[in-house]
Every structure is written in C-alpha cells, then in structure tokens.
Amino acid sequence: MIKQSYVPFRRVMERGDLVRVAGVHSALGGLLAGEAGFDAVWASSFEISAARGLPDASLLTMTEYLEAAANIQKAIPVPVVADCDTGFGNSMNVAHMVHEYERAGITAICIEDKLFPKINSFAVAEQTLLDMDAFAHKIATAKAAQSTPGFYVIARTEALISGLGVDEAVRRCRAYAQAGADAVLVHSKAGTNAEIRRFLEEWDDLCPVVIVPTTYPDWHADDIAKAGVSVVIYANQGLRATVESLRSTFRSIREQGSSAHLERRIVPVQEIFTLQRLQEWQEINA
Ligand code: SPV
Ligand code: MG
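Calculation notes
- Residues numbered from 1 in each chain as written.
- Chains lettered and ligands numbered in written order.
- Predicted model: local features only at pLDDT ≥ 70, side-chain atom pairs only at ≥ 80, totals over all residues.
- Heavy atoms only, no water.
- Donors = N, O, S within 2.8 Å, 3.2 Å for Na, K, Ca; no water.
- Helix = DSSP H or I, 4+ residues; strand = E, 2+ residues; numbered from the N terminus.
- Buried < 20%, exposed > 50% of the residue type's maximum accessible area, 1.4 Å probe, protein only.
- Salt bridge = Lys/Arg side-chain N within 4 Å of Asp/Glu carboxyl O.
- Axes fitted to C-alpha atoms, helices over the stretch in contact; angles between N-to-C directions.
- Left-handed = near helix turned anticlockwise from the far one by under 90°.
- Contact = heavy atoms within 4.5 Å.
- Nonpolar A, V, L, I, M, F, W, Y, C, P; charged D, E, K, R; others polar.
- Near = heavy atom within 4 Å.
- Polar contact = N/O pair within 3.5 Å; in protein donor to acceptor, adjacent residues only side chain to side chain.
- Areas by Shrake-Rupley, 256 points an atom, 1.4 Å probe, with all protein chains shown as cover.
- 1 Å grid on protein atoms, 1.4 Å probe; cavity = no way out; pocket = protein on both sides within 12 Å on 5 of 7 lines; lining within 4 Å.
- Sits in = over half its atoms within 2 Å of the grid points.
- Pairing = 2+ DSSP bridges.
- Right-handed = clockwise from strand over helix to strand, strands pointing away.

A. Main features of the coordination of the magnesium ion (ligand 2). Those protein atoms acting as donors to the magnesium ion (ligand 2) are Ser-45 (OG) and Asp-83 (OD), and they sit at 2.0 to 2.2 Å. You can see Ser-45 sitting in helix H3 (residues 45-51) and its partner Asp-83 sitting in strand S3 (residues 80-83), a full 38 residues away along the chain.

B. Region of interest: the environment of Gln-282. Tracing the backbone through its elements, the reader meets Gln-282 in helix H12 (residues 278-285). By relative accessible area, Gln-282 is classed as exposed at 51%. As for Gln-282 and Asp-131, which are separated by 151 residues in sequence, their C-alpha atoms are 54 Å apart.

C. Quick peek at the pattern of salt bridges. One pass over the full model with this rule turns up 18 salt bridges. Where salt bridges share partners, they join Glu-112, Lys-114, Arg-156 and Glu-158 into one cluster.

D. Broad picture of the packing of helix H5 (residues 91-103) against helix H6 (residues 132-145). At their nearest, the axes of H5 and H6 sit 9 Å apart, and the two run at 30° to each other. The way H5 lies across H6 gives a crossing that is right-handed. Seen from H5, the contacting residues are Ser-91, Val-94, Ala-95, Val-98, His-99 and Glu-102; seen from H6, they are Ala-134, His-137, Lys-138, Thr-141, Ala-142 and Ala-145. Residue composition of the contact of H5 with H6, by class: six nonpolar, four polar and two charged.

E. Fine view of the site of ligand 1. Looking at ligand 1, the residues that line it are Trp-42, Ser-44, Ser-45, Phe-46, Asp-56, Asp-83, Asn-120, Ser-121, Phe-122, Arg-156, His-187 and Ala-235. Take Arg-156: an N or O atom from its side chain is 2.7 Å from an oxygen atom of ligand 1. Relative to its unbound accessible area of 280 Å², ligand 1 is 100% covered by the protein chains. Taken atom by atom, the bulk of ligand 1 overlaps the largest cavity. Of the residues assigned to the shell around ligand 1, the class counts are four nonpolar, five polar and three charged.

F. Structural context of the side chain of Lys-118. Its place among the elements puts Lys-118 in the loop between strand S4 (108-112) and H6. Its relative accessible area of 5% is what places Lys-118 among the buried residues. Of note is the side chain of Lys-118, whose polar atom sits 3.1 Å from the side chain of Asp-85. Setting aside anything within four residues of it in sequence, one finds Lys-118 in contact with Ser-45, Asp-56, Ala-57, Ser-58, Asp-85, Thr-86 and Glu-112.

G. Looking closely at the pairing of strand S5 (residues 152-157). Buried residues dominate S5, accounting for six of its six residues. A two-sided burial pattern is seen for S5, the buried positions comprising Tyr-152, Ile-154 and Arg-156 on one face and Val-153, Ala-155 and Thr-157 on the other. Summarising the sheet, S4 and S5 pair through five bridges and their orientation is parallel. Bridged to Ala-108 within S5 is Tyr-152. On the question of chirality, the crossover connecting S4 to the parallel S5 by way of H6 is right-handed. Sheet topology note: the S5/strand S6 (residues 183-186) ladder contains four bridges and is parallel. By the bridge assignment, Arg-156 is partnered in S6 with Leu-185. What joins S5 to S6 is helix H7 (residues 166-178), and the crossover it makes is right-handed.

Next up, the structure:
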C-alpha cells in the first residue's frame, strides 16, 4: 500500500553532517531533489510566488504558502523547511502560523527579520529590518507556540542584505539564538563568501548556521562544511533550470513544427509514471 511518511527535519540535523537543502515549489521538484540525494527541501517563497507568476513580495497569503509547503511534504520522504517570510505579520501571526504549519505536518520553518510586507532579498528595493528585540520576540513566540518538542525554528537575519554589516548580523543572531532559535540563517547578496566567512569567525556557536550561496555559488560544499556551516540551501537553482528547460523546449517545438527532434532528450512518459508511483496506485484497485 502507498505510504506517505517522512523524516522530521530535526532528525536530519542530528546526523551531524552538512545538511544539503534544495529549493522547490512543487512536490515533483521535491521528489527529484530527494532522488538526487538532498537531505531536505526548501519551500521557497521566491519559487512558490514565481510558480504563480507573481513577485516574491508578500502577495500570497499564509494559507497559500502553507498549502504549497504541505502539498510538497505529503508527497516526499525528506523534510520540508518552510520559508515563512516575516511570519506573515506580528508575533500573533507567528503563533497562528506555527499552530497551522505544525498541524499540517511541517517540521521546520524559517522566519526573517524584515518588515511585513517584505520583498525578495535580491530585489532593488529598500530592505528595512524589524527592530531586533521585536524579532527576538517573534522567535520566542514561535518556540512557545509549538506543541511537539521536535518542531524546528530557523531565525534568518537580513542584516547583510540591508548593508548593516557583519557585526550587526552577529549581534542579531546572538539575540535570536538566546530567544530560542534552533538555528540561524545569515543571508548575503555579496559576490563572494567573504562576509559569510567573517560572520563564521565571529559566531560563537550558540546554534547551527544556515547559508544560501546564490550569489557566491563557487563555494564547494566540502569547504562550506569545513568553515563551520551546518546547512546549505540551494534556494532557486531548480527554478532557474526549469525556466531554461521549458523555454528552450517550447521554443524548439514551435520552431521545428514537431517534438520529434526532442524525444531522445526529454524523459519518456513512463518515467513520469514512475515518479507518480502509478503502478503502486493501480495495485490498490487490482
Ligand atoms: C527564497 O528562496 O524564497 C528565499 C531565498 O527566501 S532568497 O530568494 O535569496 O531571498
Ligand atoms: Mg523567501
């Protein structure tokens, strides 16, 4: 019989190796990430918004992000880390969010210290941060709201994205760890890993560190682990590859007038059936 079971994120963290996470917006993407050996998936607000043809600017509601994350988790064996932006409002919203996500089977969430409504970290826009103590209160609220001990809360600082520097990023992450965060995510849009390395040198190991090396992609996972990072999120490479693939496939069919020339380069329908576990489903009716 078809079973839908998965490992909680905390269990993955307890293994002690670098945890590798792939950004996705669909269950199919999650299945492929698991198949490739990723330990968890990131239900990315950027990807989920883009899949709806919308910017990552707090336009979708908590319910819509939750539905997207829960639909991914239902279908895959690795845990989802749900990108919950700012927590969809103030501390009250954060408490409600934790209740809802936890009840829907999500085992890890991440919230960031920007103001609601937020805009994607790479957008050319003002990135104003919430007061540090107010965000620490959101983290403490999230931890107090969880009903299972394993539920995992990641506190993300956008101090480097806002140009406030490494010292401010460290100061904020310390406060968030002291408020009970299970891990801190320090995001950077620099073209090299220099400021993240400086952060890691100053960081006092109060809790694990998560990074998102989108703009400094040449940092090898082995070196990331050696530098003291616990979790690496490849947040949007899947989405960008999908755009490339769909664009060239659709264009090529239009230009050539048929799909015959592509048939050897695209997966057979049978392979989609395998991902859908069609045979196991059909056995239910057999
Ligand atoms: C996301 O993938 O939605 C993220 C990472 O939050 S970033 O797009 O770099 O802000
Ligand atoms: Mg996001």
